[in-house]
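The lines below spell out each chain.
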Amino acid sequence: MKINATLPERGRDLRLDLFRGVANWAIFLDHIPDNVVNWITTRNYGFSDAADLFVFISGYTASFVYARMMLERGFIVGATRLTKRVWQLYVAHIILFVIYIVSIGYVAQRYSDPEIINEFNVAGLVDSAVETLRQGLLLKFKPVNLDVLPLYIVLMGLFPPVLWIMLRRPNLTMLASITLWLLARQFDWNLRAYPAGTWYFNPYCWQVLFVFGSWCALGGARKNLSIINAPITLYFCIAYLIFALVMTMAGRFPDFGAMFPHWLYSTFNPNDKTNLAPYRFLHFVVIVILVIRFVPKDWAALQWKVFDPLIVCGQQSLAVFCVGVFLSFVGHFELMMSSGSLFAQIFVSVTGIAIMTVVAYYISWSKRQDKPLPKPPAAAAAKAA
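Residues numbered from 1 in each chain as written. Predicted model: local features only at pLDDT ≥ 70, side-chain atom pairs only at ≥ 80, totals over all residues. Heavy atoms only, no water.

### Focus: the overall build of the protein
- Helix and strand content of the protein: 19 helices and zero strands.
- Taken along the three principal axes of its C-alpha coordinates, the protein extends 75 × 55 × 40 Å.
- Considering only residue pairs separated by 6 or more positions, the protein has 78% of its internal contacts joining residues 24 or more positions apart.
- Split by element, the accessible area of the protein, about 19600 Å² in all, is 68% carbon and sulfur. (Helix = DSSP H or I, 4+ residues; strand = E, 2+ residues; numbered from the N terminus. Contact = heavy atoms within 4.5 Å. Areas by Shrake-Rupley, 256 points an atom, 1.4 Å probe, with all protein chains shown as cover.)

See below:
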């Protein structure tokens, strides 16, 4: 079957690292309740947030890394490399899962605060520890804030055949993904969670962001540059961002929300995150269009030193994400135990981001040490002679 996708250019795209770093920092801040610093994140100014960005970039990166491998070395090799990545994600999730629930249990016991167990959805460990842990291994039991990695694991696990089809029929694959998303919303398709309910991030719906990232990486965006760069598209994007800002603020401030008709207010509030509401997906598409239009791959600002911490955190995304999830619990507990003052909120937020950044720089440095040292010029010349 003919290849109809356009492979991305070789070489690292620092935009992906930058925005993935932004997503990691924002997820950490958003996971800390009653924290004034998380007002700087995008979730307060529009329908989509850092989770949408994380899933989109994950799909984009998966295609960026594995599409060429699948074409040059065959489907089996590409699929096994993707499976290896899934295994790495699963191991990271299990390690984080164990550390997370042990920390919550220890804090609850140490400070005689059983409400923490209920707040973070780990009460099942008290009543039926073995079954709860078994369900955790099956990705059905998820404490609060541990929802993103299981979603990522499922999407990556099912991605090999999707990527094979995407390389040959990119537009058809994107259309099928959108159809599945809309059908899942219509018929309430979702995966079961333990001990009750369904997944917070519905994989049947959130897959559309992952596939959209893949579609953009494999030429979908480049083939539609005439639409992206059209003046009417820019006007629509700006208008929609303003509308999303107004509706989001209406949900944040009841008095402001009361100024709008109930039918309008209730359409966008509360924001349907579980099933990825169409207005939410459209909001993210608008952001992607503006980034493509105004932030090219060779954007000079990507070389600015001020962006280095974000870029490095994006390059070591998995480790930084796991550390950030754990630190969000630590920060939440610290604010609960302290006065929760403005200074405490800023201190917890800045300290957490600093730790995540130090971890990212350390991992980057450690990986460089694993590479062989370059041969001295004299030795290389002698060998050549």
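On we go.
### Digging into the pattern of salt bridges
- Evaluation of the coordinates by the stated rule reveals 12 salt bridges.
- Between Asp 272 and Arg 185 there is a salt bridge; the shortest N-O distance is 3.0 Å. Highlighted residues: Asp 272 in the loop between α14 (262–268) and α15 (278–294) and Arg 185 in helix α9 (residues 170–187), separated in sequence by 87 residues.
- Residue classification places Arg 185 among the partly exposed residues on the basis of a relative accessible area of 27%.
- Through salt bridges that share partners, Asp 49, Asp 52, Lys 273 and Arg 280 make up one connected network. (Salt bridge = Lys/Arg side-chain N within 4 Å of Asp/Glu carboxyl O. Buried < 20%, exposed > 50% of the residue type's maximum accessible area, 1.4 Å probe, protein only.)

### Comments concerning the packing of aromatic side chains
- Summed over the entire model, instances satisfying the criterion amount to 33 aromatic pairs.
- Ring geometry for Phe 212 and Phe 281: centres 5.8 Å apart, planes at 75 degrees, overall edge-to-face. Of this pair, Phe 212 sits in helix α10 (residues 203–220) while Phe 281 is found in helix α15, placing the two residues 69 residues apart along the sequence. You'll find Phe 212 and Phe 281 in the same group, each marked buried.
- The ring of Trp 199 has Lys 142 lying over it, and the distance from NZ or CZ to the ring centre is 4.0 Å. (Phe/Tyr/Trp six-rings, centres within 6.5 Å; stacked < 30°, edge-to-face > 60°. Lys NZ or Arg CZ within 6 Å of the ring centre and 35° of its normal.)

### So, unusual backbone geometry
- Cis geometry is found at the peptide bond from Tyr 194 to Pro 195, where omega equals 5 degrees.
- Within the secondary structure, Pro 195 sits in the loop between α9 and α10.
- Although it is not a glycine, Asp 34 sits at a positive phi angle of roughly 50 degrees.
- Along the chain, Asp 34 turns up in the loop between α1 (14–30) and α2 (50–73).

### Quick notes on the side chain of Lys 273
- Its location among the elements puts Lys 273 in the loop between α14 and α15.
- Among residues more than four places away in sequence, those in contact with Lys 273 are Asp 49, Ala 51, Tyr 200, Phe 201, Trp 206 and Arg 280.

### Description of helix α16 (residues 308–315)
- Within the sequence span of α16, burial applies to Leu 310, Ile 311, Val 312, Cys 313 and Gly 314.
- Tucked inside the fold, the buried residues of α16 contact α1, α17 (317–337) and α18 (342–370).

### So, the packing of α1 against α17
- Packing of α1 against α17 brings their axes to within 8 Å, and their N-to-C directions diverge by 15 degrees. The pairing of α1 with α17 is recorded here as roughly parallel in orientation. As for how α1 packs across α17, the hand of that crossing is right-handed. Packed against α1, whose contacting residues are Arg 20, Asn 24, Ile 27 and Phe 28, the element α17 presents Ser 317, Val 320, Phe 321, Gly 324, Leu 327 and Ser 328 at the interface.
- Its residues placed into classes, the contact of α1 with α17 shows five nonpolar, four polar and one charged. (Axes fitted to C-alpha atoms, helices over the stretch in contact; angles between N-to-C directions. Parallel < 35°, antiparallel > 145°, perpendicular 65-115°, else oblique. Left-handed = near helix turned anticlockwise from the far one by under 90°. Nonpolar A, V, L, I, M, F, W, Y, C, P; charged D, E, K, R; others polar.)

### Things to note about a nonpolar patch on the surface
- On the surface, Val 36, Leu 342, Ile 346 and Val 350 cluster together into a nonpolar patch covering about 340 Å² of accessible area.
- Within the secondary structure, Ile 346 is located in helix α18.
- Judged by its relative accessible area of 39%, Ile 346 is partly exposed. (Patch = residues over 30% accessible without salt bridge, like charges linked within 9 Å, V, L, I, M, F, W, Y side chains within 5 Å.)

### Some points on the environment of Asn 121
- Among the structural elements, Asn 121 can be located in the loop between α4 (115–119) and α5 (124–127).
- When the C-alpha positions of Asn 121 and Asn 145 are compared, they lie 9.7 Å apart, and in sequence the two are 24 residues distant.
- Excluding anything up to four places from it in sequence, Asn 121 contacts Phe 141, Lys 142, Pro 143 and Val 144.

### Quick word on the side chain of Ser 364
- Of note, Ser 364 is situated in helix α18.
- When residues no more than four places from it in sequence are discounted, the contact partners of Ser 364 are Val 312 and Gln 316.

### Brief notes about the packing of α1 against α2
- Following both chains from N to C, one finds α1 and α2 inclined at 145 degrees, their axes separated by 9 Å at the closest point. Between α1 and α2 the crossing geometry is left-handed. Between α1 and α2, the contacting residues are Leu 16, Phe 19, Arg 20, Ala 23, Asn 24, Ala 26 and Ile 27 on the first element and Ala 50, Leu 53, Phe 54, Ile 57, Tyr 60 and Thr 61 on the second.

### Let's talk about the state of the cysteines
- On inspection of all chains with the given rule, the structure shows zero disulfides.
- Free cysteine Cys 237: the closest other cysteine sulfur is in Cys 216, separated by 13 Å.
- Just so you know, Cys 313 is unpaired, no disulfide at all, and the nearest cysteine sulfur is the one on Cys 322, 13 Å from it. (Disulfide = S-S within 2.5 Å.)

### Side note on the nonpolar core
- Among the nonpolar cores identified, the biggest contains 90 residues, and Met 156, Leu 163, Trp 206 and Phe 212 are the most heavily contacted of them.
- No other element matches the 13 residues that helix α3 (residues 75–110) contributes to this core.
- In this view, Met 156 contacts Ala 62, Tyr 66, Leu 82, Arg 85, Val 86, Leu 89 and Phe 210; residues no more than four positions away in its chain are not counted.
- Listed in part, the 21 residues of the second largest apolar core include Phe 28, Ala 301, Ile 311 and Ala 344. (Core = buried A, V, L, I, M, F, W, Y, C linked by side-chain atoms within 4.5 Å.)

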